[in-house]
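Here is how the chains run, residue by residue.
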Amino acid sequence: MVVLPHLRKMLLASSLLVAPALSLPALAAPATPPAHAATAMDSALKATLPNGLRVVIVPDRLAPVVQTQIIYLAGSAAAPNGFPGTAHALEHMMFNGSKALSRDQLSTVSARIGNVSNAFTTEDTTQFYFQAPAHYLDLLLKIEADRMRNVLLSDTDWGHERGAIEQEVARDLSMPFQRYTIALNRALFAGTPYEHDALGTRESFDKTDAKLLRGFYDSWYQPNNAILLIVGDVDPASTLDKVRSQFSAIPSGKLPARPVVEPAPAEAQTIKIDSDYATGILSIAYRMPGSQSPDYAAAQILADVLASQRGALFALVPQGKALGTEFSYNARVHAGVGSALAAFPKGQDPSALLGEVRGILETIRQKGVPADLVEAAKRKEIAALEFNANGITDLTQSWADALAYSGVNSPADLVKAYNGVTLEQVNALAARLLDPAHAVTGILTPSGGKSPDIGGAKGPESLLPPPSKNIALPDWAATALADLPKPEPLSLPARYTLKNGITLLVQPEHVSHTIRLYGSIRHNSYLQQPKGKEGVADLTSDLFLFGSTNHDRLAFAAALDALASDANGGVSFSLSTLSANFDKTLALLAENELHPAFPAQLS
């Protein structure tokens with residue numbers, strides 16, 4: 001293995017411990033993002049069973065692992081009136097046992113095969129996944145086929161589960177950003193099924209019973225309302241035979257009318273929330289296109305431009321006007337929400353910052369966005385789809401998003417959509433969507449406490465904790481688990497030790513046209529910071545954002561954008577890039593790491 005010259009120069013110039021993991025391509029990639037990956041982005045076996053179940057099998061040889069994901073095309077928007085948490089409640093109950101496996105047996109099986117299983121509910125879907133050694137695919141298919149029509153749904157189990165889900169609601173309602181999100185949904189989607197958060201409410205759960213859950217289950221959990229995704233180290237043809245064996249006997253069902261989401265124009269308003277965060281957050285939110293809208297790709301590119309580190313919104317941070325900024329875009333199937341967010345110090349009047357953000361958005365609405373940022377955003381979105389092939393979970397979700405949310409045949413169709421976006425489309429959307437007459441402003445005023453996640457993301461809940469005692473399994477499950485696969489030898493990385501003691505590890509993989517590098521300098525900030533100057537390590541790390549002595553902050557970001565790459569310097573440094581752009585991206589990382597700008601005045 002040849003160590004590239006830029007990397008050798010970087011390693012020899014400083015005392016570092018470097019452990020990059022590289023995904024080397026089987027074929028050379030073009031210098032720009034490929035039109036599509038001739039790998040897992042579009043290579044899939046697809047079939048629809050006579051009962052309407054859509055099956056998509058995506059082979060991926062990264063590891064001897066498989067992930068199944070069953071997607072039911074019904075989420076909180078399909079809930080009965082007055083019961084907004086029904087889909088979420090049923091998601092929980094799907095882990096409380098079925099005809100083939102009790103709750104404890106399902107938990108035991110999950111633990112024995114690795115315990116990588118969970119589910120999540122959105123406004124439009126409910127999705128269940130298992131990840132395990134590919135050897136256990138038959139077992140996973142039997143579990144999902146049985147749960148599709150044989151879940152128990154007893155009042156006793158619901159009585160137990162209701163307490164757990166109500167605690168989850170109470171936990172989330174303790175988060176200021178979640179309370180703001182609930183109020184924002186009501187403002188933007190009043191009178192539609194999207195006005196309710198997918199989480200549900202304690203009031204609706206108190207009224208829910210097993211009969212109501214059974215009605216929702218019988219209405220929507222039908223094979224002709226589901227997509228079965230199987231991604232991993234499998235043979236597509238034999239896997240399809242296994243699917244037919246397990247699922248073909250399940251009859252299709254008559255589906256209810258799908259929910260209609262046609263909100264009236266939103267009215268400008270301000271939502272004020274008192275928070276326990278250490279910093280304040282302000283938000284300006286707009287209704288945006290849904291994921292199946294013809295404008296979706298252009299809306300995603302607009303959101304990326306607004307979030308760009310070269311954009312006017314982010315510039316508020318180095319200018320000292322905001323502690324942090326971002327633009328987020330959450331697209332449901334029928335409509336989405338775009339939010340410009342900015343953080344401000346506790347005790348500061350947010351009026352000036354709010355005026356700055358409003359002014360930036362209004363300028364974009366009237367004058368449009370820079371053409372080079374549109375092209376950079378397109379390259380980044382396409383490259384991100386390529387990177388999804390580097391992990392089973394990301395690859396599975398990439399396909400799930402394409403099929404269930406965007407309504408296209410594969411992630412490769414999204415590449416085509418992004419390639420087709422024009423500057424004129426993006427500017428037309430900005431002029432129409434960023435209208436202050438329909439903006440909802442949020443101000444979360446801090447009273448002290450923890451630092452916020454201005455994205456408002458929540459971690460996954462655990463629906464199958466490992467059992468605390470030995471559980472007897474049915475013969476078919478015990479037999480399947482007793483058949484342990486023989487471990488396959490792993491290919492170990494090539495190891496190099498340079499004369500100055502630096503260690504380099506190189507791991508080739510042939511799953512995508514990408515390369516990732518990770519490095520770390522041995523350090524301990526708590527011991528190495530000068531007394532009385534605690535925090536200097538964090539400040540130093542933040543300064544790497546401002547580029548190098550050869551490229552200032554904007555020039556450095558522009559150079560990375562041109563390559564659809566990311567690079568981050570500091571005591572822990574990294575890059576991710578398309579394979580053909582590795583040499584240039586590595587040169588930028590080395591420049592940033594060895595010759596950081598560290599400007600006296602930030603801009």
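This structure is a prediction, so every number in the text was calculated from the model and none was measured. (Residues numbered from 1 in each chain as written. Predicted model: local features only at pLDDT ≥ 70, side-chain atom pairs only at ≥ 80, totals over all residues. Heavy atoms only, no water.)

1. Quick look at the overall build of the protein
Of regular secondary structure, the protein possesses 21 helices and 17 strands. Here the C-alpha atoms of the protein give a radius of gyration of 26 Å, agreeing with the 25 Å that 2.2 N^0.38 yields for 603 residues. Taken along its principal axes, the extent of the C-alpha atoms in the protein is 65 × 60 × 50 Å. Expressed as a percentage of its 603 residues, the buried residues of the protein come to 51%. (Helix = DSSP H or I, 4+ residues; strand = E, 2+ residues; numbered from the N terminus. Rg over C-alpha atoms; globule rule 2.2 N^0.38 Å. Buried < 20%, exposed > 50% of the residue type's maximum accessible area, 1.4 Å probe, protein only.)

2. A few points about the packing of aromatic side chains
Tallying each qualifying case throughout the model produces ten aromatic pairs. Between Y72 and Y221, the ring centres sit 4.0 Å apart and the planes meet at 15 degrees, which makes this aromatic pair stacked. Linking Y72 in strand β4 (residues 65-72) with Y221 in the loop between α8 (210-220) and β7 (226-232), this pair joins segments that are 149 residues apart in sequence. Comparing Y72 with Y221 shows no difference in burial state: the two are buried. With centroids separated by 5.5 Å and ring planes inclined at 85 degrees, the aromatic side chains of F544 and F598 adopt a geometry described as edge-to-face. Linking F544 in the loop between α19 (536-543) and α20 (553-563) with F598 in the segment after α21 (582-594), this pair joins segments that are 54 residues apart in sequence. (Phe/Tyr/Trp six-rings, centres within 6.5 Å; stacked < 30°, edge-to-face > 60°.)

3. Describing helix α14 (residues 392-405)
Owing to its 3.6 residues per turn, the α-helix aligns residues three or four sequence positions apart on the same side. Helix length check: α14, at 14 residues, gives a terminal C-alpha distance of 19 Å against a target of 20 Å (1.5 Å per residue), a fit within 8%. Counting buried residues in α14 gives ten out of 14 residues, a clear majority hidden from the surface. Regarding α14, the residues found buried are I392, L395, T396, S398, W399, A400, A402, L403, A404 and Y405. Remark: G407 follows α14 within two positions and exhibits a positive phi of approximately 70 degrees. (Expected span 1.5 Å × (residues − 1).)

4. Re the pairing of strand β14 (residues 503-506)
Where strand β13 (residues 494-497) lies against β14, four bridges are found, and the strand directions are antiparallel. Note on β14: the bridge partner recorded for Y496 is L504. Connecting β13 to the next strand, β14, in antiparallel fashion are five residues, including G501 with a positive phi near 95 degrees. (Pairing = 2+ DSSP bridges.)

5. As for helix α3 (residues 103-112)
Within α3, the full set of buried residues consists of Q105, L106, S107, T108, V109 and S110. Close packing links the buried residues of α3 with β5 (116-121), β6 (126-133), α4 (137-149) and α17 (475-482). (Contact = heavy atoms within 4.5 Å.)

6. Remarks on the pairing of β5
In this sheet, β6 lies alongside β5 in antiparallel orientation, the contact comprising six bridges. Along β6, the bridge assignment pairs T121 with T126. Between β5 and β6, which follow one another and run antiparallel, lie four residues.

7. Some thoughts on the nonpolar core
If you look at the biggest cluster of nonpolar residues, it comprises 58 residues, and the most contacted ones within it are L53, Y221 and F247. Ranked by residues supplied to this core, first place goes to α4 with seven residues. Once you skip the residues sitting within four places of it in the chain, F247 turns out to touch L49, N51, L53, L141, E144, A145, M148 and L228. The next biggest cluster of nonpolar side chains, apart from the first, holds 48 residues, and it includes L361, V369, I382 and L434. (Core = buried A, V, L, I, M, F, W, Y, C linked by side-chain atoms within 4.5 Å.)

8. As for the pattern of salt bridges
Going through the model one piece at a time under the given rule, you end up with 18 salt bridges. A salt bridge links D413 to K416; the shortest N-O distance between them is 3.9 Å. Of the two residues, D413 and K416 both sit in helix α15 (residues 411-419), three residues apart, roughly one turn of that helix. Its relative accessible area of 59% is what places K416 among the exposed residues. Where salt bridges share partners, they join R310, D372, K380, D561 and D566 into one cluster. (Salt bridge = Lys/Arg side-chain N within 4 Å of Asp/Glu carboxyl O.)

9. Brief notes about the environment of G97
Structurally, the position occupied by G97 is in the loop between α2 (86-93) and α3. Between the C-alpha atom of G97 and that of L554, which follows or precedes it by 457 residues, the distance is 55 Å. If we ignore the near neighbours within four places in the chain, the residues touching G97 are S102, R103, V151 and L152.

10. What to know about the confidence of the model for the protein
Here the protein shows a mean pLDDT of 90. Residues at 70 or above account for 91%. Within the model, the stretch residues 1-38 combines pLDDT values under 50 with 114 contacts to residues more than four positions away or in other chains. (pLDDT = per-residue confidence, 0-100.)

11. Things to note about the sheet that holds strand β3 (residues 54-59)
Sheet strands pair via backbone hydrogen bonds, and the direction of the pair is either parallel or antiparallel. In space, the six strands of this open sheet follow the order β2-β3-β7-β4-β6-β5, with mixed pairing throughout. With partners counted over all chains shown, the strands left at the sheet margins are β2 (45-48) and β5, one partner each. Neighbour-to-neighbour, the strand axes of the sheet open up by a mean angle of 10 degrees, direction not taken into account. In the sheet, β4 pairs with β7 via seven bridges, with the strands oriented antiparallel. Paired with Q69 across the two strands is L229, which belongs to β7. On top of the sheet, α4 reaches β4, β6 and β7; it is set at about 160 degrees to β6, its chief contact. Its contacts with the sheet place helix α9 (residues 236-247) against β2, β3 and β7, and it is angled at close to 150 degrees to β3. (Axes fitted to C-alpha atoms, helices over the stretch in contact; angles between N-to-C directions.)

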